[in-house]
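Topology and contacts: notes
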Amino acid sequence: MYRKPTIVAMDLEGVLVPEIWIAVAEKTGIEKLRLTTRDIADYDELMRMRLRILEERGIRLKDIQAVISSIDPLPGALDFLRWVREKTQAIILSDTYYEFAHPLMRKLEWPTLFCNTLEVDENNTIINYHLRIRDGKRKATVAFRDIGFRVIAIGDSYNDTTMLNEADVGLLFRPPSNVAKEFPQFRVFKEYEEVKAFLEESL
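We now turn to the structure provided with this report. (Residues numbered from 1 in each chain as written. Predicted model: local features only at pLDDT ≥ 70, side-chain atom pairs only at ≥ 80, totals over all residues. Heavy atoms only, no water.)

Details of the pairing of strand S4 (residues 126-130)
- Sheet analysis places strand S3 (residues 113-120) next to S4, joined by four bridges and oriented antiparallel. Its bridge partner being in S4, Thr 117 is matched across the sheet by His 130.
- Remark: five residues form the turn of the hairpin made by S3 and S4, two consecutive strands paired antiparallel; Asn 124 in that turn has positive phi of roughly 70°. (Pairing = 2+ DSSP bridges. Helix = DSSP H or I, 4+ residues; strand = E, 2+ residues; numbered from the N terminus.)

A short note on unusual backbone geometry
- Its identity as a non-glycine residue notwithstanding, Asn 124 has a phi of 70°, on the positive side.
- Take Asn 124: it is sitting in the loop between S3 and S4.
- Here the phi dihedral of Asp 135 falls at roughly 55°; this positive angle occurs in a residue that is not glycine.
- Along the chain, Asp 135 turns up in the loop between S4 and helix H6 (136-146).
- Classification of Asp 135 as partly exposed rests on a relative accessible area of 33%. (Buried < 20%, exposed > 50% of the residue type's maximum accessible area, 1.4 Å probe, protein only.)

Considerations on the side chain of Arg 50
- Note that Arg 50 resides in helix H2 (residues 43-57).
- One buried charged residue, Arg 50, remains without a salt bridge, the closest side chain of opposite sign being Glu 19 at 5.8 Å. (Lys, Arg positive; Asp, Glu negative; His and termini not counted. Salt bridge = Lys/Arg side-chain N within 4 Å of Asp/Glu carboxyl O.)

Thoughts on the pattern of salt bridges
- The final tally for this structure, using the stated rule, is 15 salt bridges.
- Here Asp 95 and Lys 137 are joined by a salt bridge, their closest N and O atoms 4.0 Å apart. Remark: Lys 137 occurs in helix H6 and Asp 95 occurs in strand S2 (residues 89-97); sequence separation between them is 42 residues. Residue Asp 95 shares its accessibility class with Lys 137, and that shared class is buried.
- Two residues, Lys 196 and Glu 193, come together in a salt bridge whose shortest N-O distance is 3.4 Å. Taken together, the residues span about one helical turn, with Lys 196 and Glu 193 both in helix H9 (residues 192-202) at a distance of three residues.
- The class of Glu 193 is exposed, set by a relative accessible area of 55%.
- Each of Asp 11, Asp 95, Lys 137 and Asp 160 takes part in salt bridges that share partners, so that together they form one network.

So, the pairing of S2
- Across the nine residues of S2, seven count as buried, placing the element largely inside the fold.
- Pairing analysis gives four bridges linking strand S1 (residues 6-10) to S2, with the strands arranged parallel. Its bridge partner lying in S2, Ile 7 is registered against Gln 89.
- Two elements, S2 and S3, share three bridges in a ladder whose sense is parallel. Within S3, the residue paired with Tyr 97 across the bridge is Asn 116.

Details of helix H1 (residues 20-28)
- Those residues of H1 that fall on the buried side of the exposure criterion are Ile 20, Trp 21, Ala 23, Val 24 and Ala 25.
- Buried positions along H1 lie against H2, helix H3 (61-69), S2 and helix H5 (98-107).
- In the stretch just after H1, Gly 29 is the one whose phi turns positive, near 80°. (Contact = heavy atoms within 4.5 Å.)

What about the sheet that holds S4?
- Pairing is mixed across the open sheet formed by seven strands, whose spatial order is S4-S3-S2-S1-S5-S6-S7. At either margin of the open sheet sits one strand with a lone partner, and together these are S4 and strand S7 (187-189). Averaged over all pairs of adjacent strands, the angle between strand axes in this sheet comes to 25°, irrespective of strand direction.
- Packed onto the sheet, H9 meets strand S5 (150-155), strand S6 (169-173) and S7 and runs at close to 170° relative to S6. (Axes fitted to C-alpha atoms, helices over the stretch in contact; angles between N-to-C directions.)

Some words on H5
- Of the residues making up H5, those classed as buried are Phe 100, Ala 101, Pro 103, Leu 104 and Met 105.
- The elements touched by buried residues of H5 are H1, H3, S2, S3 and S4.
- Once H5 ends, the next one or two residues include Glu 109, with phi positive near 65°.

Structure, rendered in C-alpha cells:
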C-alpha cells in the first residue's frame with residue numbers, strides 16, 4: 001500500500017527546549033518577560049513589549065545569548081528527536097531567532113530549523129525583529145503538503161495552532177490548560193514516550 005512520505009514538524013520552545021524568554025525573565029528578575037504566546041496570542045504585540053523592556057533595562061543580545069547557552073533541552077527531548085529522525089524526516093518550525101537558537105541547535109545535534117532573524121545595532125542592542133514570512137509555521141506546513149509530504153505537526157501553544165490545523169495530524173504537547181480547552185480537536189500528550197507510541201502507529 002502506498003503512503004506519502006511523512007515529515008514531523010515540531011515547535012522548539014515548550015516541545016524540545018524550555019521557553020527562552022522565561023529563562024531570561026528568571027535570570028533578570030523581570031516578570032513581564034515571562035509572558036509568552038501562551039499568554040499573549042498576538043506575536044507582534046508580545047515582541048514589541050519584549051524589545052521595549054530590553055531597551056529600557058539595557059539588556060543586550062549578548063546577555064540573552066549567555067542565558068540561552070545555559071539552557072538544556074527538556075529531559076528526554078534529544079532522545080525523542082533522535083528517534084524521530086531515525087524513523088522519518090523531521091524539521092523544527094519556530095518563532096525564535098537564529099541569533100538565539102544556535103547553542104540550542106548544537107545541543108539538539110543540528111536539526112533543520114526554520115525561524116526568524118533579529119536586527120542588532122552597533123551597541124549589540126536588539127532594535128527590531130524580522131519574520132521570514134508571516135504565519136511561517138502554517139505556510140511551511142501547507143508547502144510541505146503541496147510538495148507531497150504527509151505532515152504530522154507537534155506544538156504547545158496558540159502560535160502553533162494554525163500549523164496544527166493545516167497538518168494531516170496535529171498534536172499538542174504539554175499545552176497550558178487554556179490552549180487545550182480552546183482547541184479540543186487536537187490530541188494532547190504529556191510525555192515523549194506517548195508521542196513515540198502514537199507516531200509508531202502513524203508512520
